[in-house]
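Here is what each chain is made of, one letter per residue.
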Amino acid sequence: MASILVVDDEMGIRELLNEILTDEGHTVYAAESAIQARTIREQMRPDLVLLDIWMPDTDGITLLKEWSKTGQLTMPVVMMSGHATIDTAVEATRIGALNFLEKPIALQKLLKTVSKALENSPKYIEPAEERLVQSSLSAGAFPKSLGAEPAPAPAEGEFISGISKTYFDLPLREARDLFEKAYFEHQMQIMGGSMTKISEYTGLERTHLYRKLKALGIDTSRNKGEQ
């Protein structure tokens, strides 16, 4: 997934965002000030920054201007504030901020904004596309346009029919969702629908696993009684 830098002087906000984004599979770095944010930005090169506007030493707008002027605004930045004016939001956008989140931050709004912002991250897009190609290769879906002979089609029931043909004809996010759905349905099939085994195999916490399967439209009702 992605590496995300959360910059906010409120510990509660940092901990909340860290918990939510980590649960989504992202790596989260936290900074309570512009000083820490500068250091992490330089050392970790995050794929996305969630930046609070009002901070005691250097405010988010000033830090955003600094990154813009020094050529360090190479990642999408989403501003956060509980009492910013429209003028402030417009200024942040003019400087280079991609979006704006109003506090208190709603879960679905956060996840949607982060997902959309990562589509604009050069560091995030390239590895994702590479993973998509590798996934297609493992499924015997290498396209003829790349000069390779197509691999034999997977046996019936071994992989969802038609997925290999649609990878390269869809936007990246849709293709990724399609692969993830096929992947988890495949795991459910070979592991007898055991959420415990799938959780251990994929490294996903059970609550997050159920939420992901629901988002992908995979029926888990037959596993509700599993201990």
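Residues numbered from 1 in each chain as written. Predicted model: local features only at pLDDT ≥ 70, side-chain atom pairs only at ≥ 80, totals over all residues. Heavy atoms only, no water.

1. Points about helix α3 (residues 60-69)
At step 1: Three or more residues of α3 are buried, namely Gly60, Ile61, Leu63, Leu64 and Trp67. Along the axis of α3, the buried residues cluster in a sector spanning 160°; they form a single face.
At step 2: Where α3 is buried, its residues touch α2 (34-44), β3 (48-52), β4 (77-81) and α4 (86-95).
At step 3: Once α3 ends, the next one or two residues include Gly71, with phi positive near 75°. (Buried < 20%, exposed > 50% of the residue type's maximum accessible area, 1.4 Å probe, protein only. Helix = DSSP H or I, 4+ residues; strand = E, 2+ residues; numbered from the N terminus. Arc of directions from axis to C-beta. Contact = heavy atoms within 4.5 Å.)

2. Comments concerning the packing of α2 against α3
At step 1: Viewed as axis vectors pointing N to C, α2 and α3 meet at an angle of 30°, and their least axial separation amounts to 11 Å. With respect to each other, α2 and α3 are oriented roughly parallel. In the packing of α2 onto α3, the handedness of the crossing is right-handed. Each of Ala34, Ala37, Arg38 and Arg41 in α2 lies in contact with α3, whose residues at this interface are Leu63, Glu66 and Trp67.
At step 2: Residues of the contact of α2 with α3, tallied by class, amount to four nonpolar, no polar and three charged. (Axes fitted to C-alpha atoms, helices over the stretch in contact; angles between N-to-C directions. Parallel < 35°, antiparallel > 145°, perpendicular 65-115°, else oblique. Left-handed = near helix turned anticlockwise from the far one by under 90°. Nonpolar A, V, L, I, M, F, W, Y, C, P; charged D, E, K, R; others polar.)

3. Details of the pattern of salt bridges
At step 1: Applying the stated rule across the entire model yields eight salt bridges.
At step 2: One salt bridge connects Glu42 with Arg45, and the closest N-O pair in it is separated by 3.4 Å.
At step 3: Ionic pairing is found between Lys103 and Asp52, a salt bridge with its closest N-O pair at 3.2 Å. Of this pair, Lys103 sits in the loop between β5 (99-102) and α5 (107-118) while Asp52 sits in strand β3, and the two are 51 residues apart along the sequence. Each of the two residues, Lys103 as well as Asp52, counts as buried. (Salt bridge = Lys/Arg side-chain N within 4 Å of Asp/Glu carboxyl O.)

4. Considering the packing of aromatic side chains
At step 1: Enumeration according to the criterion identifies one aromatic pair in this entry.
At step 2: When the ring of Tyr183 is compared with that of Phe184, the centres are 5.2 Å apart and the planes differ by 85°; the resulting orientation is edge-to-face.
At step 3: The exposure class assigned to Tyr183 is partly exposed, which follows from its relative accessible area of 25%. (Phe/Tyr/Trp six-rings, centres within 6.5 Å; stacked < 30°, edge-to-face > 60°.)

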